[in-house]
Amino acid sequence: MNVKHVSATDAIAQLNAYSAVIDARSEDEYLEDHLPGAVNWPSLNNEERRLIGTIYTQVNPFEAKKRGAALVAANIARHIERELLDKPKTWQPLIYCWRGGKRSNALALVLGEIGLRVAVIEGGYKAFRGAVLASLPGLAANLSYRVICGPTGSGKTRLLQALAQAGAQVLDLEALASHRSSVLGQIPGQPQPSQKRFDNLVWDALRRFEAARPVFVESESKKVGNLAIPDSLMLAMRASPCLDLQLSDDERVALLLEDYDFFVQDTALFCDRLDALVELRGKALVQAWKGKVHTGQIEAVVRELLTTHYDPGYARSIQRNFSQYGTSKKIAASDRSAGAMGQLARKILAEST
């Protein structure tokens, strides 16, 4: 038999052994989440999947299966014509659908009949998702972390980027979540991934790290925007040694004006986002900030946001949530520039070896 079925656990362990990972689900299912490196060959596309579901419930299963079979056969033919004609006989794909049923097996059957050796994940994406969630606690616990702390605007993300460039292992949760982890942290034009996708991205990053080397990560709260950090990872981070990043207030303000330039360019967007602070800071103060924004005093508003909103909240939260913050090592960059952050990153790595 050229088609074999493998468990989700075995598939995960052998992902790199396959020539390709093929997701046979619809485009929307694929976009919500998929296996690392998977390409999308829908057996039924979004509209076709809805059509077959309607026929199944409103007519009968037999008619739905006939129509579905015709659509699946046509789609598989197009995939083969588009993607397979230049592949050698040694090309070995791993295929999955939602539960390892008709969609993945139909594709696998045809590819197997061609003469390719094909693997299908038993239980499909659903089993993969379960295996990811089951393995996350062990992966998180098996690593050692160095938590980069520091108030808003101190350059934590820039330092993480510099550490990564210097060869360190870095887990950038905000990059994975497409969010800057504050009330004002939503990035225009960059929607956050689904929770499933975020969990998968975190899992994929953790599984690639070497346990013998530390992983640098920022002192996040439990949620990055609308996405929850896995509990096991959050617990490990909060129990880990901390590095307390210092930067002057003037440099912090300048850094935030650079990193949040979209607020400088779109003051209406800035004012709209400030409304999220009404419940915490009161309508009068928020209206005063918005008035200053309208008159071009954006730098003054950023400075007040730091002193009035962000810094007090950070001071309370970091002491309460990160158990080793009290003994954290103070580190400082001379300024906010990439050069200064790179110099600090190299110093950190040199002292950690």
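Here is a short report on the structure shown in this document. As the structure is a computational prediction, the values presented were derived from the model and not from experiment. Here the residue index of a chain counts from 1 through its sequence in written order. In keeping with the predicted nature of the model, local features appear solely for residues at pLDDT of at least 70, side-chain atom pairs appear and are counted solely at 80 or more, and the whole-chain, interface and lining totals rest on all residues. Side-chain numbers here rest on the full set of heavy atoms in the structure, without hydrogens or water.

With that out of the way, let us pick up the overall build of the protein chain. What the protein chain contains, in helices and strands, is 17 helices and 12 strands. Structurally, the protein chain occupies a C-alpha span of about 65 × 50 × 35 Å along its principal axes. Whether a residue is buried, partly exposed or exposed follows from its accessible area with a 1.4 Å probe, protein chains only, as a fraction of its type maximum: under 20%, in between, or over 50%, in that order. Going through the 353 residues of the protein chain one by one, you find that 48% of them count as buried. Considering only residue pairs separated by 6 or more positions, the protein chain has 73% of its internal contacts joining residues 24 or more positions apart. Only the protein chains shown count as cover for residues, and the accessible areas themselves come from Shrake-Rupley with a 1.4 Å probe. Put simply, the protein chain shows about 17,300 Å² of open surface, and 52% of that area lies on carbon and sulfur atoms. The helix count covers DSSP runs of H or I at least four residues long, the strand count covers runs of E at least two residues long, and both are numbered beginning at the N terminus. Whether two residues are in contact is decided by their heavy atoms, any of which lying within 4.5 Å being enough.

A few words on unusual backbone geometry. The residue Ser178 is not glycine, and still its phi comes out positive at about 50°. Within the secondary structure, Ser178 sits in the loop between α8 (173-177) and α9 (195-208). Exposure remark for Ser178: the relative accessible area of 17% places this residue in the buried category.

With that out of the way, let us pick up a nonpolar patch on the surface. What goes into a patch is any residue over 30% in relative accessible area without a salt bridge, connected to like charges within 9 Å or, for nonpolar side chains (Val, Leu, Ile, Met, Phe, Trp, Tyr), within 5 Å. The salt bridge criterion pairs a side-chain nitrogen of Lys or Arg with a carboxyl oxygen of Asp or Glu, the two atoms within 4 Å. A grouping of Leu109, Val110 and Ile114 is seen on the molecular surface, where their side chains present a nonpolar patch of about 250 Å² in accessible area. Tracing the sequence through the fold places Val110 in helix α5 (residues 102-114). Here Val110 falls in the partly exposed class, since its relative accessible area comes to 31%.

For the rest of this paragraph, the subject is the nonpolar core. Only buried residues count toward a nonpolar core. Its members are Ala, Val, Leu, Ile, Met, Phe, Trp, Tyr and Cys residues joined through side-chain atoms within 4.5 Å. Judged by nonpolar contacts, the single largest core of 47 residues is most densely connected at Leu35, Leu94, Tyr145, Leu171, Leu173, Leu206 and Leu233. When residues in this core are grouped by element, the largest group, six residues, is from helix α6 (residues 124-141). In this structure Leu171 touches Leu160, Leu176, Ala205, Leu206, Phe209, Val215, Phe216, Val217, Glu218 and Leu233, once residues within four positions along its chain are discounted.

The topology assignment puts Lys156 in helix α7 (residues 156-165). In terms of polar contacts, Lys156 uses its side chain to reach the backbone carbonyl oxygen of Gly150, at 2.7 Å. Excluding its chain neighbours within four sequence positions, the residues that come into contact with Lys156 are Ile148, Cys149, Gly150, Pro151, Glu218, Ser219 and Leu245. Contacts described as polar in this section are N or O atom pairs within 3.5 Å, which, within protein, must combine one atom able to donate a hydrogen with one able to accept it, while residues neighboring in sequence count only if both atoms come from side chains.

Here we come to the sheet that holds strand β7 (residues 169-171). The pairing criterion for strands is at least two bridges between them, as found by DSSP. Taken together, five strands build an open sheet; the order of strands is β7-β8-β6-β11-β12 and the sheet is parallel. What marks the edges here is a single partner per strand, and that holds for β7 and β12 (329-332). The average angle at which neighbouring strand axes cross in this sheet is 30°, direction not considered. As judged from the three bridges shared by strand β6 (residues 145-149) and strand β11 (residues 242-246), these two strands associate in the parallel manner. Bridging from a neighbouring strand, Ile148 pairs with Leu243 of β11. Throughout, an axis means a line fitted to C-alpha atoms (over the contacting stretch in the case of helices), and angles, computed between N-to-C directions, take values from 0 to 180 degrees. Helix α10 (residues 231-238) contacts β6, β7 and β8 (215-218) of the sheet and is inclined by roughly 75° relative to β6.

Turning our eyes to something else, we now look at the sheet that holds strand β4 (residues 93-96). Spatially, β1-β5-β4-β2-β3 is the arrangement adopted by the five strands of the open sheet, whose pairing is parallel. Of all the strands in the sheet, the pair left with one neighbour each is β1 (3-6) and β3 (39-40). Looking at chain direction, β1 and strand β5 (residues 118-121) are connected through four bridges and run parallel. Its bridge partner lying in β5, Lys4 is registered against Ala119.

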